[in-house]
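Examination of the molecular architecture
Residues per chain, in single letters:
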Amino acid sequence: MKASANTLPLRRSKRYDIWDVLIHITIVLASLVCLLPFLHVVAKSLSDDAYVIANKVFLWPEGFTLEAYSKIFADASILRSLYVSVVVTVLFTLLGMIITVCAAYPLSRKQLKGRTTLTFLFMFTLYFSGGIIPEYLLISNLGMLDTWSALILPQAFSAFNLLIMKTAISSSIPVSLEESARIDGAGHFRILWSIVLPLSKPILATLSLFYAVGRWNAYQDALFYIKQRVDLRPLQLKLYYLVIQASESFQLEATQVSLSNPEVLKASCVVFATLPILFVYPFIQKYFVQGVMLGAVKE
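Residues numbered from 1 in each chain as written. Predicted model: local features only at pLDDT ≥ 70, side-chain atom pairs only at ≥ 80, totals over all residues. Heavy atoms only, no water.

Quick word on empty space enclosed by the protein
Considering all chains together, one arrives at 3 cavities of 30 Å³ or more under this definition. Reported here for the largest cavity is a volume of approximately 50 Å³. Around the largest cavity, the lining residues are Ser85, Val88, Thr89, Leu151, Arg215, Trp216, Ala218, Pro234, Leu235 and Gln236. Among the elements of the structure, α4 (76-108), α11 (201-217) and α13 (235-247) are those that each provide at least two residues to the lining of the largest cavity. Of all the elements, α4 adds the most residues to the lining of the largest cavity, at 3 residues. (1 Å grid on protein atoms, 1.4 Å probe; cavity = no way out; pocket = protein on both sides within 12 Å on 5 of 7 lines; lining within 4 Å. Points joined across faces, edges and corners; volume = space filled by probe spheres on them. Helix = DSSP H or I, 4+ residues; strand = E, 2+ residues; numbered from the N terminus.)

Take a look at the structure:
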């Protein structure tokens with residue numbers, strides 16, 4: 001009996017160790033699937049044209065050179081596009097978070113009459129929309145074409161982010177805490193500013209990251225709404241034009257960037273456009289993890 005009792009924990013520990021190994025292997029493989037393509041692009045952007053043309057560049061630069069990046073920084077239009085992208089992303093994120101918080105807080109309070117109907121109207125837009133043509137006609141009739149507003153206002157609200165924020169406030173802010181604040185004479189704006197927002201930092205950081213990354217990577221709306229003013233083209237749209245220009249025989253936009261191999265141009269522009277977001281992410285990673293785990297444990 002003693003021998004069997006002693007072997008049971010050993011069998012369980014071995015079984016758990018096997019599952020741990022499988023989990024770690026799966027995580028490593030998933031990480032490599034995400035990391036290796038980016039390393040390949042970085043290696044191509046730092047390699048000499050001859051090695052890239054010969055398809056000899058994989059995960060390590062061959063014939064290391066910074067010529068591609070020096071020519072990118074020499075193009076004033078690309079630096080202008082970077083400035084436009086940064087300004088638009090910051091303003092877009094701030095406006096999106098203000099709208100989301102102002103909509104999510106009242107919808108999370110049970111005393112709001114008709115909140116179920118209002119929530120349904122917001123969620124309805126997740127499944128049905130007017131489409132690209134009506135949206136373009138609306139922007140045109142409002143006189144927003146070739147303006148900063150066309151890059152900031154149309155997509156500054158996300159019903160999906162509203163649902164996340166509403167659920168987070170409902171699950172993390174106790175009703176008793178709000179009632180005690182009301183007894184002390186606090187109003188809704190005071191409760192929102194002094195209680196709800198400080199306790200919602202993880203979800204605020206998470207949604208801010210969603211808004212910022214979504215705006216930074218978007219170029220389709222700028223392709224539709226920015227036609228005449230070249231100085232308002234964001235970085236992603238500039239990258240789109242450069243890739244098309246490098247791939248086609250005709251030129252879509254005048255640029256000072258000229259490389260013998262279009263693949264080097266594509267790779268260097270992709271890395272140049274990706275680095276700003278990569279630098280921002282580590283500073284809000286801890287809030288992002290907390291926001292994702294919010295509501296996972298119920299007491």
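With respect to the layout of surface pockets
One way to see where empty space is left: roll a probe the size of a water molecule over the atoms. Taken as a whole, the largest pocket encloses approximately 780 Å³ of empty space. Along its surface, the largest pocket is lined by 32 residues, and Glu135, Pro154, Gln155, Ala156 and Phe157 are the ones closest to its centre. A per-element tally of the lining of the largest pocket places helix α6 (residues 132-141) first, with 5 residues. Along the lines of polarity and charge, the residues of the lining of the largest pocket split into 20 nonpolar, 9 polar and 3 charged. Of the voids in this model, the second largest pocket is the one considered here, and its volume is about 480 Å³. Taken together, 20 residues make up the lining of the second largest pocket; nearest its centre are Val90, Thr93, Leu94, Met97 and Ser208. Mapped by element, the contributors of at least two residues to the lining of the second largest pocket are α4, α10 (188-199), α11 and α14 (262-280). Sorting elements by how many residues they give to the lining of the second largest pocket places α4 first, with 9 residues. (Nonpolar A, V, L, I, M, F, W, Y, C, P; charged D, E, K, R; others polar.)

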